[in-house]
Structure formats: structure tokens, C-alpha cells
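Here are the chains, one letter per residue:
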Amino acid sequence: MPAIEAHSLAKSFAGRRALWDLSFSVERGEVFGLLGPNGAGKTTALRILAGLISPDSGSAQVAGHTILPGAPSNAALRGSIGLLTEQPGFYDRLSARENLVVFGKLQGLTAHEADRRATALLARFLLAAHADRPFAVLSRGMKQKLAIARALLHEPAVILLDEPTVGLDPEATREVRALVGELAAEKRTIVLCTHHLDEVERLCARAAFVAGRLLAVHEVKSLATGTYRLRIGLDSPAEGALRTLRALPFVLDAQAEMAMGAALRANALHSNDLLVELRHASSVPDALAALVASGTRISSAVPVRHPLEEAYLALLAQARDEGLIS
Amino acid sequence: MTAPLRGARVMVEKELLELRRSPLLLLSMISLPFTVVLMPLGLYAWLTHAAPEQAVDFLRDLYGISAEGGKAAALAALLAKNWLPMFLVLPIFLPILIAAQSVGGERERRTLEPLLATPVTTLEIILGKSVAAVVPSVFITWIAAAIFCGGIDWLALPHMPVGARAPLPDATWLFATVVLSPLLALFGNAIAVVLGSVVADPRAAQNLAGMTVVPLLGALVAQLAGRVSLGWRFYSVLAIATLLADIALVALAARLFDREKLLTRWR
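Think of each chain on its own: its residues are numbered from 1, step by step along the sequence as written. Chains and ligands are labelled sequentially in the order written, the chains with letters from A and the ligands with numbers from 1. Per-residue local features are limited, in this predicted model, to residues with pLDDT of at least 70; the limit for side-chain atom pairs, both in listing and counting, is 80 or more; totals at the level of whole chains, interfaces and linings are taken over all residues. Side-chain measures were taken over the full set of non-hydrogen atoms in the model, leaving aside hydrogen atoms and water.

(A) Here's a closer look at the overall build of chain B. Think of it this way: any DSSP run of H or I at least four residues long counts as a helix, any run of E at least two long counts as a strand, and we number them from the N terminus. For chain B, the count of helices and strands is 12 helices and 0 strands. When the elements of chain B are put in sequence order from the N terminus, they spell out α-α-α-α-α-α-α-α-α-α-α-α. Taken along the three principal axes of its C-alpha coordinates, chain B extends 65 × 30 × 30 Å. For every residue, the accessible area obtained with a 1.4 Å probe (protein chains only) is divided by the maximum for its type, and the residue is called buried under 20%, exposed over 50%, and partly exposed between those limits. Out of the 267 residues in chain B, the part that is buried amounts to 52%. Per-residue and other accessible areas were derived by the Shrake-Rupley procedure at a 1.4 Å probe size, with only the shown protein chains allowed to occlude residues. Total accessible area computed for chain B in this model is approximately 12300 Å², and 71% of it derives from carbon and sulfur atoms. Averaging the locations of the 21 positively and 17 negatively charged side chains of chain B gives two centres separated by 5 Å. Positive charges are assigned to Lys and Arg, negative charges to Asp and Glu, while His and the chain termini are left out of the count. To locate a charge, take atom NZ for lysine, CZ for arginine, CG for aspartate or CD for glutamate.

Following this line, the structure appears as C-alpha cells:
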């Protein structure tokens, strides 16, 4: 049985639709990405799954608890969820440890157990040296790590992370991503809500693209091949260039642009473009040299964005065409 | 299985810990009682030495003071009667200082969502925050009243006949502090919780809630002007009215504390 199953969730605020027809499922131990632009309804979806708000229609099962429209807020569901909110949200005058202990006790832990787990998590997240400092004086990265620690305190069945790296500097971003990576490696059930594609690529097995409603669900690994892709613009016919490239051992694939999928066509430069997949970026000069040697006239050579990004942008364009987002 | 209302106890602990770490809030909570106690004591000490008998007689007539025991006893009775409403302002005003920050403050500091994401119930949140606001306020009011009564007695007794009864606390004072003060503290807290739930800005909620002391201050001014005489009947009616208002406000606060609306709606 999946850890999370959402069926046609819909939610409006003051007559404005925030979410409609959102369905997806997350298996136990899976890290699932919720991708979408600002205002796409990602946070609303997480709040529904966390039992903070109820859907207008649709239903969901989260960690064995049922979420239905108009149902009273479910304390048992909230106790099964570890939620990282977009803002860390701690009490400024309380120390890092005191904050964790307070939230641990609110989750139903005894004072002793809350303190024991807080100490362990502070040590794990390299915050032990700052445990007794007021929350207000901690750096943004420390605050975010503390918020992740809070989400884990009660060992929840499902962890919901809302934009874990938003507003962080690069160093803090790297630390927080590493931390989420550790959780992923522990096979925890995580829903990661973000608009950072590299986070999804690095951490998630699957990702749902959301813009009010579900646009698509992709296997991230099938999109991320690890090879290097190059778009080559030609001032001469493509057939000869394709024959040359396909004969090279380090070229995995070479296609005329028009033969590629819809997502890639949306970003085509012109009809003589070639899309070439190389085993490694270091082969680019050799590939270009081979083309020049064969008499091909090259007008441009541009690295192709990552396939995940391509898919994301294509889905966003589709969402705009359908009027789902502005 | 967690104990019933365990979340409320945790909320009380958290609120009191925050209060202890807020020196400015503590200072503002202590400064008003400090003024309310010291000002009349200083005035009394001065009047017992400086006020002419004719002036005291005039005040006796104006306020209907019939205390036996000379000038000191008359002035003590005068202050006891006229200053009592200020000790009723304290238990309304002090919880407002704490409670107005409670819901609105949680929202402003972005702690509301993590708090609502825990299994703690709405009742536990309201109860915890209310106890943390009402108990210290009543406690401070009682200490202030005890210091005031003790101070008046200490200043008055040397000027009164040997064996005379200490002027304070009298029955009205005991009723006002023991019965009425907690009811008024609940009132101030409930007003603050209601306003904190519907007004986004905690400072605006605090200012609006603070307006509730105005009728009591008006009664004090009317009494000082000799227009009304606040006695047993007034304080009994006030107690019953406050009790009814408390029940209505607590019900309203529980209704307004809609977890979803608090999280998603801004005013």
C-alpha cells in the first residue's frame, strides 16, 4: 500500500482556485518531488497532506489516515507527519534545544525523550555547539537545519519538505541538500516540494509537475541520463553531418532537431539544428573537428539544458497555453 | 496515549518560558502595578501630614466616607474606595499584554504553521495560552493589592487610636481582588484572544483590546468627580456581567480559532 495516495484533490481560497484535480501516489521509502512555479498549489497540496487544511473535494490517504473534504482536523494524522514549513518558524527567545524540546513535547514525547532526541538530532545536524543559543541569533542555514530536525523529532512515517533551500546562501543550500540526501538514503518517505530542478534530479525517484493540477509524473532517472547533450546549428544540409557524427565512437546519438520530441521542439533554434548526445563533455572538440573536417559549416554549438529542465519548461509552456498559470 | 490536555500544559510551559525571556514585556507588566501601588501610597503619606482637617471633612462629605478613627482612617477609607477600580484595571490590562501577542504573534513569527502541524488540539492551544496569560496577571494583581493594603495599614495605624482595626482590606476589597480580579483577567484574555484571531497585526489587536479598560476608567473618573459611588451593588453586578461576558467570549474565541482560516487568511 502506498504511503500517500491523493485522489483529485481540489482547494479554493475566497473563490480563487489554488488546486484542482491533483492525483498522485508515493510509495513507502520513496522520495517524490512536487515541481511547479510559484503559485502552482504545491504548498496547498502539502498542507492538505499534512492535515492543516481540508480539501474542497477529492480525498487522500496519508500514512494510513484518510483525508476527506470538511472532515475535522486529524490529530493522529498530524502526529504521523514531519512537516518542514517554508519558513523555519521557531520561538526567537528560546534556544535551539528548547525549541526542539517544546515541539517534541507537543508531538506527544515525554520531556526526557524529547530532550534525548533533540540532543541526538542537534549532534547529527552539527548544531550541538549552538544548541543553547537563542534561535534568533542562528544563521539562516542553521535555522533551516533545525527546522528539518524538528520534522524528524517524532520519527514520522511521512516527511513533507516545503522548499527546503529557499532563501539560503549557497553554502547553507549545499548543507541542507546534503541533509535531505541523507534522509533519502535512509529510505524515508519524503515529498519534496521545490522549484529547484537540481534538487529533484539529485534526490527524487519520481517527480510530479504541478500547475494548479497535475501536468505529468516523470521517473527522474529516465530523464537524467548523465550524458552530455549538444545542439549544433548548421549552415549546410544535416544529412552528411549526421552520417559523420554517427560514425564517431563517442557519439551515442545524433538526430536532426525536427525528429526530436515535442518538449525539445519547443526550444529549437532552427530546422537545421542537430541534437547530439555525447558520452562525455570532453568529446565536444573532437565532434566539432570531425564535422569541420567533413566540410560541414557550423553556425553554433550550444550545450542543451538538462532533460528534466527541458521537460519542466515544456510543461510550463503547456500550462501557460492552457491558461493554468500566468 | 497522551494524557488529556497534556498539550495545554506544554503550551503553558512554553508561554511562561517565553515570558521569562522577554524583559521588556516583564517590565511593562510590572510598571503599571508599580505605579498603581506607589502613587496612592505616596499621596496618602503626604495627605496624612499635610491635608487640613477641613479638606478631609470636605472629602468625607463628597465621597460619603463614614470611617471612624480620625483623619488617617478617613483618608485610608477614601483611597480604598476611590482607588479600587485601578486594581480592577490591572487584571484586564495585564493579560492583554501577553495574550494579544499569542495568536497574532505566532502568525507574525511564522510559528503558527509548525504549531498547528503538531497533534495539539485547538482547545489545548487556547487553554494553554489563556492560563499563561491569566495566572501571572492575577498573581501580579494580588501581590500589588497586598502591597497596597499593607502599605496603607502601615502608614495609617500609627495615626489611629490604639487597638483600631487595620483599614484594609475590607470586604469590598477582598471580593474585588479574590473574585472579581480573576473574572476580569479572563475577560481581558478572552478579548485579546478573540481580537488576536481576527486582526492580523498583533499590535493592533493589543491596542483594540486595551480599549476595554476605558469603561472602568470612566467609572473611576465619575467616582472621583463625586458623580457616582461605586459600592457593593456595582461590584456584584460587574462580577455577574463579567462572568457572562467571559462565557460568551470563550465560546466566541473557540469558534474563531479556526485552524485553517488562521493559516490561510490575512486581514
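(B) Seen up close, the packing of aromatic side chains. Centre distance within 6.5 Å is the pairing criterion for rings of Phe, Tyr and Trp, where only the six-membered ring of Trp is used; planes under 30 degrees apart are then read as stacked, over 60 as edge-to-face, and the remainder as tilted. Counted under the stated rule, the structure contains 9 aromatic pairs over all chains. Ring centres 4.9 Å apart and planes at 50° place the aromatic pair F90 of chain A and F135 of chain A in the tilted group. Of this pair, F90 of chain A sits in the loop between β6 (81–84) and α3 (96–106) while F135 of chain A sits in the loop between α4 (111–124) and α5 (140–152), and the two are 45 residues apart along the sequence. Owing to a relative accessible area of 4%, F135 of chain A belongs among the buried residues under this scheme. Between F234 of chain B and Y235 of chain B, the ring centres sit 5.1 Å apart and the planes meet at 75°, which makes this aromatic pair edge-to-face. Overall, the relative accessible area of 1% leaves Y235 of chain B in the buried class. Taken together through their ring pairs, the aromatic side chains of F90, Y91, F103 and F135 of chain A make up a single cluster. For the cation-ring pair, R150 of chain A lies above F90 of chain A, with the distance from its terminal atom to the ring centre recorded as 3.9 Å. Geometry around F103 of chain A places R150 of chain A over its ring, the cationic atom sitting 4.6 Å from the centre. Whether a charge lies above a ring is judged from NZ of Lys or CZ of Arg, which has to be within 6 Å of the ring centre and within 35 degrees of the ring normal.

(C) Looking closely at helix α11 (residues 284–293) of chain A. Residue and element names in this part refer to chain A. Turning to α11, its buried residues number three or more, namely V284, A287, A290 and L291. Buried residues of α11, seen end-on, are gathered within an arc of 130° and therefore sit on one face of the element. Exposed and facing more than 90 degrees away from the buried side of α11 are P285, V292 and A293. In this description, contact between two residues means that some pair of their heavy atoms is separated by no more than 4.5 Å. Among the structural elements, β11 (228–234), α9 (238–246), β13 (274–278) and β14 (298–303) are those in contact with the buried residues of α11. One or two positions beyond α11, positive phi appears at G295, with a value near 90°. Comment: arc refers to directions from the helix axis out to C-beta atoms.

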